[in-house]
Amino acid sequence: MKKINIKYWFVGLLFVILNSCSNVDRAESVFDEAPADRATQRNAELLNSLLSETSGFKGVYFTKNDEFGGFTFYMKFNEDGTVEMTSDFDENLDIETSSYDVRLGSATELVFTTRNHIQKVSNPEITGLVGTGFKGTSVFQFFSNDSGVLTFRDIRSRDTGFLVLEPTGFSDFESESIASAEKSLNRRNEFVDSDSVTSFPFMSVDDGSSVKRYALNYDNIKLFANPTTQADDGTVSDEEFGIAFTEDGLTISPALEVNGVLIEDFVFDDSSGFEYVSVVDGVTAKIGYGSTPVTPLDPYDFGVRRNRAWVNFEEPLKSSTAYHSFYADYTSFLETTYGLTIDFILYNNLNDGNVPVLFFGTNFGAFLFGVDFVVTDGIVVITDNGLSNGVTPGTKAIFQPLIDLYMGGPEGFYLNNTGSLEGFANRTFSMINVADPTIEINYWDE
């Protein structure tokens, strides 16, 4: 028995040795290239991919999709080591030429070695983001090539920063890239500056069985959204993503996941309002502006907290574009036609026992119009009670469009707290026209 066992042990040992040799041979056939050679080949493959697209690439770059949105870049790589580029980062759309390199760092990297549009995302002096900027980089680690679509990871933020390049198909790179960058820039600006924008940005998700609506909570400096929704029991849930605008719509990152379906790309649709729409595998998601609040507002105690409410000209961004447009047009008409200029506007005598008035301070003196108001469930309805400080019917007719603007219609205004007046202890609040929520007028109290 011992001899038999020794024989089987010897045969088994011989089998293991032979199998190990076979594995070594296979490994040597797989790794017959030195690591440096493999890296050189990968660099060459990336460089060839960049140069092969003579029409250039469209790139969407999210620097950190857990903090910021993204920007669209157009790039054309040349054999002499230069890259022609434009972007929708700001109003400067001119094609600029700089240098790039494909090199081996921790992996194959695309590096923009001299200044161009893409360095703007690293600028720490951006208004509203001083000290940080968008935390971008000029060094990108090559990640994948999917049928000509090149994906890179931000070397500083590997898990949240992505640059994706796809062929443009342009016939004239310079003219078409500038035109495309201008379109996406206009989309980004119009998302907050259009006269069609209401005070109620939203996101909705329809999975085929139910519709969930969110308040979008969009930060137009960071280009970042934090949609929130409130259940019947008061529970609040939210999502987070950055937004990059494109010629035809917008892209979000990270993607929104709904029952296993990923939602990323939205197309602008103005057929039913100001909306961007994405339809994927039976799921419809929309981002846009609605006519009513999605989640409850924080109503201001109008007529209770303070005696005066001044129109907030100090912080114009707290009022809507449609309001500013109407006010600018009509006051220009008053100045051109009558030489009348308005210095300030306020509601006075709100809680001191006197008749409340809408007060216009002008270069021709004060014009006061008496009002009555009722606040119910966060909505104030203001009506003209016919009293004034001796204003003639003809003069009142001159002011009537402004009176209508500030008093609103029979539906009234939503009241919404908007924080403090910058640099002061005074509170600010908005009146949002219920019948036309594109009109939001901000006030500070005294």
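Residues numbered from 1 in each chain as written. Predicted model: local features only at pLDDT ≥ 70, side-chain atom pairs only at ≥ 80, totals over all residues. Heavy atoms only, no water.

Q: Would you mind going over the sheet that holds strand β25 (residues 413–420) with me for this structure?
A: Within a beta sheet, neighbouring strands are joined by backbone hydrogen bonds and run either parallel or antiparallel to one another. Spatial ordering of the closed barrel is given by β20-β21-β22-β23-β24-β25-β26-β27, a layout of 8 strands whose pairing is antiparallel. Put simply, the sheet's adjacent strands are angled 35° from each other on average, direction ignored. Looking at chain direction, strand β21 (residues 342–348) and strand β22 (residues 357–362) are connected through 6 bridges and run antiparallel. Note on β22: the bridge partner recorded for Ile342 is Thr362. (Pairing = 2+ DSSP bridges. Helix = DSSP H or I, 4+ residues; strand = E, 2+ residues; numbered from the N terminus. Axes fitted to C-alpha atoms, helices over the stretch in contact; angles between N-to-C directions.)

Q: Help me understand the nonpolar core in this model?
A: The tendency in soluble globular proteins is for nonpolar side chains to be buried side by side. Among the nonpolar cores identified, the biggest contains 52 residues, and Leu50, Phe77 and Phe112 are the most heavily contacted of them. Formed by 36 residues, the second largest nonpolar core is a distinct cluster that contains Phe302, Ala309, Leu350 and Leu415. (Core = buried A, V, L, I, M, F, W, Y, C linked by side-chain atoms within 4.5 Å. Buried < 20%, exposed > 50% of the residue type's maximum accessible area, 1.4 Å probe, protein only.)

Q: What is the right way to read the sheet that holds strand β7 (residues 149–154) from this model?
A: The sheet built from 8 strands closes into a barrel, its strands ordered β1-β2-β3-β4-β5-β6-β7-β8 with antiparallel pairing. For this sheet the average axis-to-axis angle between neighbouring strands, irrespective of direction, equals 35°. Helix α3 (residues 173–193) rests against β2 (70–77) and β3 (82–87) of the sheet, and its axis sits at about 175° to β2. (Contact = heavy atoms within 4.5 Å.)

Q: Would you mind going over the layout of surface pockets with me for this structure?
A: Left-over empty space is what a probe sized like a water molecule reveals as it rolls over the atoms. If you add up the space inside the largest pocket, you get close to 1,500 Å³. Every residue lining the largest pocket is counted, 49 residues in all, and those nearest its centre are Val192, Tyr218, Asp219, Asn220 and Leu317. When its residues are assigned to classes, the lining of the largest pocket shows 24 nonpolar, 17 polar and 8 charged. Of the voids in this model, the second largest pocket is the one considered here, and its volume is about 500 Å³. Val60, Val164, Thr251, Glu264 and Asp265 are, among the 23 residues lining the second largest pocket, the residues nearest its centre. For the lining of the second largest pocket, the elements supplying multiple residues, two or more each, are β1 (57–62), β7, β8 (162–167), β16 (249–258) and β17 (261–269). Across the lining of the second largest pocket, the residue classes break down as 11 nonpolar, 6 polar and 6 charged. (1 Å grid on protein atoms, 1.4 Å probe; cavity = no way out; pocket = protein on both sides within 12 Å on 5 of 7 lines; lining within 4 Å. Points joined across faces, edges and corners; volume = space filled by probe spheres on them. Nonpolar A, V, L, I, M, F, W, Y, C, P; charged D, E, K, R; others polar.)

Q: Explanation requested: helix α5 (residues 393–407) in the structure shown.
A: One full turn of an α-helix is made of 3.6 residues, so residues set three or four places apart face in the same direction. Under the 1.5 Å per step criterion, the end-to-end length of α5 is only 18 Å for 15 residues, more than 12% shorter than the ideal 21 Å. Of all the bends in α5, the greatest reaches close to 55° and is centred on Phe399; the proline Pro401 follows between one and four positions later. Turning to α5, its buried residues are Ile398, Phe399, Leu402, Ile403, Leu405, Tyr406 and Met407. Gly408 sits one or two positions beyond α5 and adopts a positive phi of about 75°. (Expected span 1.5 Å × (residues − 1). Bend = angle between axes of the 7 residues up to and from the residue.)

Q: Is there a simple way to think about helix α4 (residues 321–338) in this case?
A: Taking 1.5 Å of rise per residue, 18 residues should cover 26 Å, and α4 covers 25 Å from first to last C-alpha, within 8% of that figure. Contact partners of the buried residues in α4: β20 (309–311), β21, α5 and β27 (440–445). With its phi angle positive at about 70°, Gly339 sits one or two positions after the end of α4.

Q: Sorry if this is basic, but what is going on with the packing of α4 against α5 here?
A: For any two helices packed against each other, one specifies the inter-axial angle together with the distance between the axes. Remark: α4 packs on α5, axes separated minimally by 11 Å, with the N-to-C direction vectors making an angle of 165°. In this view, α4 runs roughly antiparallel relative to α5, as classed from their interaxial angle. At the point where α4 passes α5, the crossing takes the left-handed sense. Two secondary-structure elements touch here, α4 through Tyr323, Phe326, Tyr327, Tyr330, Leu334 and Tyr338 and α5 through Ala397, Ile398, Pro401, Leu402, Leu405 and Tyr406. Residue classes in the contact of α4 with α5 are distributed as 12 nonpolar, no polar and no charged. (Parallel < 35°, antiparallel > 145°, perpendicular 65-115°, else oblique. Left-handed = near helix turned anticlockwise from the far one by under 90°.)

Fair warning: the whole summary comes from geometry, so function is off the table for now.
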